[in-house]
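Results of the structural survey
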Amino acid sequence: MDMGIKGKRALVCAASKGLGRACAEALAAEGVNLVINARTQETLEATAKEIADRHGVEVIPVAADITTPEGREKVLAALEGGQADILVNNAGGPPPGNWQDWSRDDFIRAIDANMLTAIALMQALVPGMMERGWGRVVNITSAAVRSPIAQLGLSNTARTGLTGFVAGMSRQIAGSGVCVNNLLPGMHDTDRAVSLDTAASKAQGISIDEARAKRQASIPTGVYGRPEDFGAACAFMCSEHARFMIGQNVMLDGGIYNSTM
Ligand code: NAP
């Protein structure tokens, strides 16, 4: 299927590895020119070169912490005319822990990274999309928004806040040709999965392999998701065909969330 977005310009945040990278790859495969971001310059530049070589699109890497105002300023300055047609919001997830231990500073850090950063970037780029009458925003959140994971309480809290914001704002601007939606990963095979399995193995006194096997067994598909499948779903949500999709929370979780709807 032709996604109808060849030649568009996208900003994909936190995209040197994992799910962000997979979204960048899938958009590049559709002929979208990219600005991609992550903090570690070397990895980011290698990713940008690989994607550009493979898909023949422009990929500008901007090394910056997207959760800081200075980082966002640097990234936005790299966009042609300070504008983009497509925005994929992403950042690293907060660390696991216990509800009793998190301080106000821990909550502020998580809310800054996983809620206010995405909102700030939408506030910066969506007005231009509305003026041009076309835009797509995909916020990478988490399956934890729909079904809480107790040890990821910082993530549950911050991402649910973002979800509430998107629910209202996406409908408010729906007539402008800009579609804002959230994509909710369950367990996917990335570095984040390794760090969560490492934490689970320590907490339960089992090996990392055992922790992974135990987690995989709890998923109806019996395996973790593949980043490239996640990227393909993101590309569809950024496509011409997603024009009637507004304020949705699309779960990609291998069926672990048990519900009829
Ligand atoms: P990942 O494999 O660890 O990749 C994270 C990417 O984000 C890297 O490119 C990293 O590069 C970049 N990054 C992290 N913090 C950043 C920051 N402050 N500014 C700019 N770039 C930053 O993680 P992932 O699995 O793709 O996860 C992506 C998001 O989905 C996370 O928020 C995660 O919590 C959430 N999620 C993932 C899963 C899963 O199973 N994988 C499930 C639910 C939710 P640098 O370190 O160089 O900055």
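What comes next is a walk through the structure. For clarity, every value in this text was computed on a predicted model and none was experimentally measured.

Right, let's get into helix 8 (residues 227–237). Since one α-helical turn is 3.6 residues long, residues separated by three or four positions face the same way. By the burial criterion, the buried members of helix 8 are P227, F230, G231, A233, C234, A235 and M237. In this fold, the buried residues of helix 8 make contact with helix 1 (18–29), strand 4 (86–89), strand 5 (135–140), strand 6 (178–185) and strand 7 (249–252).

This paragraph deals with the site of the ligand. Within the structure, the ligand sits among 28 residues, and S16, T40, A91, H188 and T190 are positioned closest to it. Between the ligand and I66, the relevant distance is 3.0 Å, taken from a nitrogen atom to a main-chain nitrogen or oxygen of the residue. Between T190 and the ligand, the recorded distance is 2.4 Å, taken from a side-chain N or O atom to an oxygen atom. Alone, the ligand offers 880 Å² of accessible surface; in the complex the protein occludes 91% of this. Broken down by secondary-structure element, the contributors of at least two residues to the shell around the ligand are helix 1, strand 2 (33–38) and helix 6 (191–204).

Here we take up the side chain of N181. In this structure, N181 sits in strand 6. Within the local environment of N181, its side chain forms a polar contact with the backbone nitrogen of Q248, the two atoms lying 2.7 Å apart. When sequence neighbours within four positions are dropped, the list of residues in contact with N181 reads V137, V138, N139, M237, M245, I246, G247 and Q248.

Among all residues except glycine, the phi angle is most often negative; among peptide bonds, the trans geometry is most common. Positive phi, close to 50°, is recorded for A14, a residue that is not glycine. Within the secondary structure, A14 sits in the loop between strand 1 (9–12) and helix 1.

Taken as a whole, this structure holds 0 disulfides when the rule is applied. No disulfide involves C23; its nearest neighbouring cysteine sulfur is the one of C234, lying 3.5 Å away. A relative accessible area of 0% means that C23 is categorised as buried. C238 supplies the cysteine sulfur nearest to C179, a cysteine that is in no disulfide, at a spacing of 10.0 Å. Residue classification places C179 among the buried positions, given a relative accessible area of 2%.

Counting buried positions over the 6 residues of strand 5 gives 6, a clear majority of the element. Because side chains alternate across strand 5, one face comprises the buried residues G135, V137 and N139, and the other comprises R136, V138 and I140, equally buried. Across 4 bridges, strand 4 lies against strand 5 in parallel orientation. From the neighbouring strand, V88 faces strand 5, where its bridge partner is V138. Each parallel crossover has a hand, and for strand 4 linked through helix 4 (residues 104–132) to strand 5 it is right-handed. Judged from the 6 bridges that link them, strand 5 and strand 6 form a sheet pairing that is parallel. Paired with N139 across the bridge in strand 6 is N182. This β-α-β element, strand 5 to helix 5 (residues 153–172) to strand 6, shows right-handed connectivity.

Each value, and the rule that gives it
- Residues numbered from 1 in each chain as written.
- Predicted model: local features only at pLDDT ≥ 70, side-chain atom pairs only at ≥ 80, totals over all residues.
- Heavy atoms only, no water.
- Buried < 20%, exposed > 50% of the residue type's maximum accessible area, 1.4 Å probe, protein only.
- Helix = DSSP H or I, 4+ residues; strand = E, 2+ residues; numbered from the N terminus.
- Contact = heavy atoms within 4.5 Å.
- Near = heavy atom within 4 Å.
- Polar contact = N/O pair within 3.5 Å; in protein donor to acceptor, adjacent residues only side chain to side chain.
- Areas by Shrake-Rupley, 256 points an atom, 1.4 Å probe, with all protein chains shown as cover.
- Disulfide = S-S within 2.5 Å.
- Pairing = 2+ DSSP bridges.
- Right-handed = clockwise from strand over helix to strand, strands pointing away.

That is the geometry; function is a separate question.
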